[in-house]
Amino acid sequence: MDSTYILQHYWWFLVSLLGALLVFLLFVQGGQSLLFTIGKTELQQKALINSTGRKWEFTFTTLVTFGGAFFASFPLFYSTSFGGAYWVWILILLCFVLQAVSYEYQARQGNLLGKKTYQVFLILNGILGPVLIGTAVGTFFNGAQFYVNKEQLTQTVMPVISSWATPWHGLEAALVIWNVCLGLAVFFLARIQALLYFINNIADDDIRKRSRKQLILETALFLVFFLTFLVHLLLQNGFAVHPSTGEIFMQPYKYFMNFIEMPIVLAVLLVGVVSVLYGILRTIFSAGWTKGIWFAGAGTVLTVLALLLCAGWNDTAYYPSLADLQSSLTLENSSSSLFTLKTMSIVSLLIPFVLAYIFYAWRALDIHKIDMKEMDESKHTY
């Protein structure tokens, strides 16, 4: 096992971890989509906006870091997906730009569009952001329409390696029901985590009572779409890579076999699912318990991490091509050079310090629960 192989798998682990953290942090988007469902008065809506508004930078930063890590470690994916399926990524970035603008301007007096307009923008981001991200991740398992020809790099006129096979440039992913199932599962999971976070972060009995009630509906919808996606994933043919030749071929029950052949990854998935369900169910049935977000949040990270590892490890094409099977991207054929991977691995040693800072900043923001008195009297609110 050479160092290139080890570093490729190491960086896929880091990219997967960032993706898992991003899905957890989408509770900000989930909270935005529930603005008028949970907040029945203007003061309650203000509390909800401030609860998620103090965390939106973490989500945006993680999204950018996720893209940056992909660019540095697997640049062929970056150029193929971000350069080919650009309509999907443009829509995702537009949603997050609307989010940033809305938080900063919705409460300012005399703003051009009015407070309600910016709140509608927040709701749009809350709905479209998770659905689009989940649908895009679905292509890791169900494939996308692209070609890769590395020989074109030598052409002086147009040295473009990747090209998209359809004029929709990624939007066709929304026509694949299994991609949409994952997108909707991510959406309802984001709403579940938002409800759990409101219960933990906002000291208001009405909001907590309403959140617990809404949690039942959101959990039922999440389970429908997540289990549909998961069962299909375990039963479908997967995109396997021949370890010696690099040839891509279809293998029955590939992702199911990945979990069987990687028992640690399977254990991570099972622990994650159980942790999510524990956080939800105990919150529903224990009226005074407010710690559900931490169990469900940790479980979300573990579950998504396991799914992404299953997509790339164990000789699997993590970005399959439906237009040309042999154009599918693998850890081996899409990674950076050994020198780049080694250099970035040294830089990655700083990650624990970054995580420690995030923990410190998060704790400082959440040391005091949000209450209606603060929303009514404080001038330093969204």
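Residues numbered from 1 in each chain as written. Predicted model: local features only at pLDDT ≥ 70, side-chain atom pairs only at ≥ 80, totals over all residues. Heavy atoms only, no water.

1. Describing the overall build of the protein
Along its length, the protein carries 16 helices and four strands. Relative to the 2.2 N^0.38 estimate, which gives 21 Å for 382 residues, the radius of gyration of the protein is 21 Å and therefore close to what a compact globule would have. Overall size of the protein, expressed as C-alpha extent along the three principal axes, is 65 × 45 × 40 Å. Split into buried and exposed, the 382 residues of the protein put 51% on the buried side. (Helix = DSSP H or I, 4+ residues; strand = E, 2+ residues; numbered from the N terminus. Rg over C-alpha atoms; globule rule 2.2 N^0.38 Å. Buried < 20%, exposed > 50% of the residue type's maximum accessible area, 1.4 Å probe, protein only.)

2. Structural notes on the nonpolar core
The biggest cluster of nonpolar side chains holds 104 residues, and the ones touching the most others in it are Trp12, Phe70, Phe140, Tyr318 and Tyr319. It is helix α9 (residues 177-201) that contributes the most residues to this core, 14 residues altogether. (Core = buried A, V, L, I, M, F, W, Y, C linked by side-chain atoms within 4.5 Å.)

3. Considerations on unusual backbone geometry
Even without being a glycine, His169 presents a positive backbone phi close to 50°. Mapping His169 onto the fold places it in the loop between β2 (162-164) and α9. Exposure remark for His169: the relative accessible area of 19% places this residue in the buried category. You will see that Asp315, though not glycine, has its phi angle at about 55°, which is positive. Taking the relative accessible area as the measure of exposure, Asp315 reaches 36% and is therefore partly exposed.

4. As for the environment of Phe121
Its place among the elements puts Phe121 in helix α8 (residues 115-142). When the C-alpha positions of Phe121 and Ala203 are compared, they lie 26 Å apart, and in sequence the two are 82 residues distant. Discounting chain neighbours no more than four positions away, the residues touching Phe121 are Leu98, Ser102 and Leu113. (Contact = heavy atoms within 4.5 Å.)

5. Side note on the packing of aromatic side chains
In this structure the tally under the stated criterion is 42 aromatic pairs. Pairing Phe70 with Phe140 gives two aromatic rings, centres 6.3 Å apart and planes at 80°, and the pair type is edge-to-face. Pair noted here: Phe70 is in helix α5 (residues 56-73) and Phe140 is in helix α8, with a separation of 70 residues, a long-range link. You'll find Phe70 and Phe140 in the same group, each marked buried. Sitting over the face of the ring of Trp362, Lys55 holds its NZ or CZ atom 4.9 Å from the ring centroid. (Phe/Tyr/Trp six-rings, centres within 6.5 Å; stacked < 30°, edge-to-face > 60°. Lys NZ or Arg CZ within 6 Å of the ring centre and 35° of its normal.)

6. A look at the pattern of salt bridges
This structure, assessed with the given rule, holds two salt bridges. Salt-bridge contacts for Glu42 lead to Lys115; the nearest nitrogen and oxygen are separated by 3.3 Å. Placement of the pair is Glu42 in helix α4 (residues 42-53) and Lys115 in helix α8, with a sequence separation of 73 residues. Assessed through its relative accessible area of 57%, Glu42 is described here as exposed. Residue Arg191 is joined to Glu218 by a salt bridge in which the shortest nitrogen-to-oxygen separation is 2.9 Å. You can see Arg191 sitting in helix α9 and its partner Glu218 sitting in helix α10 (residues 205-235), a full 27 residues away along the chain. With a relative accessible area of 11%, Arg191 lands in the buried category. (Salt bridge = Lys/Arg side-chain N within 4 Å of Asp/Glu carboxyl O.)

7. A closer look at the packing of helix α1 (residues 3-25) against α5
Running from amino to carboxyl end, α1 crosses α5 at an angle of 160°, the nearest separation of the two axes being 9 Å. Taken together, the axis directions place α1 and α5 in an arrangement best described as roughly antiparallel. Considering how the two elements wind past one another, α1 and α5 form a crossing that is left-handed. For the pair α1 and α5, contact is made by Trp11, Trp12, Val15, Leu18, Gly19, Leu21, Leu22 and Leu25 and by Phe58, Thr59, Thr62, Leu63, Thr65, Phe66, Ala69, Phe70 and Ser73, respectively. Among the residues making up the contact of α1 with α5, the classes are represented as twelve nonpolar, five polar and no charged. (Axes fitted to C-alpha atoms, helices over the stretch in contact; angles between N-to-C directions. Parallel < 35°, antiparallel > 145°, perpendicular 65-115°, else oblique. Left-handed = near helix turned anticlockwise from the far one by under 90°. Nonpolar A, V, L, I, M, F, W, Y, C, P; charged D, E, K, R; others polar.)

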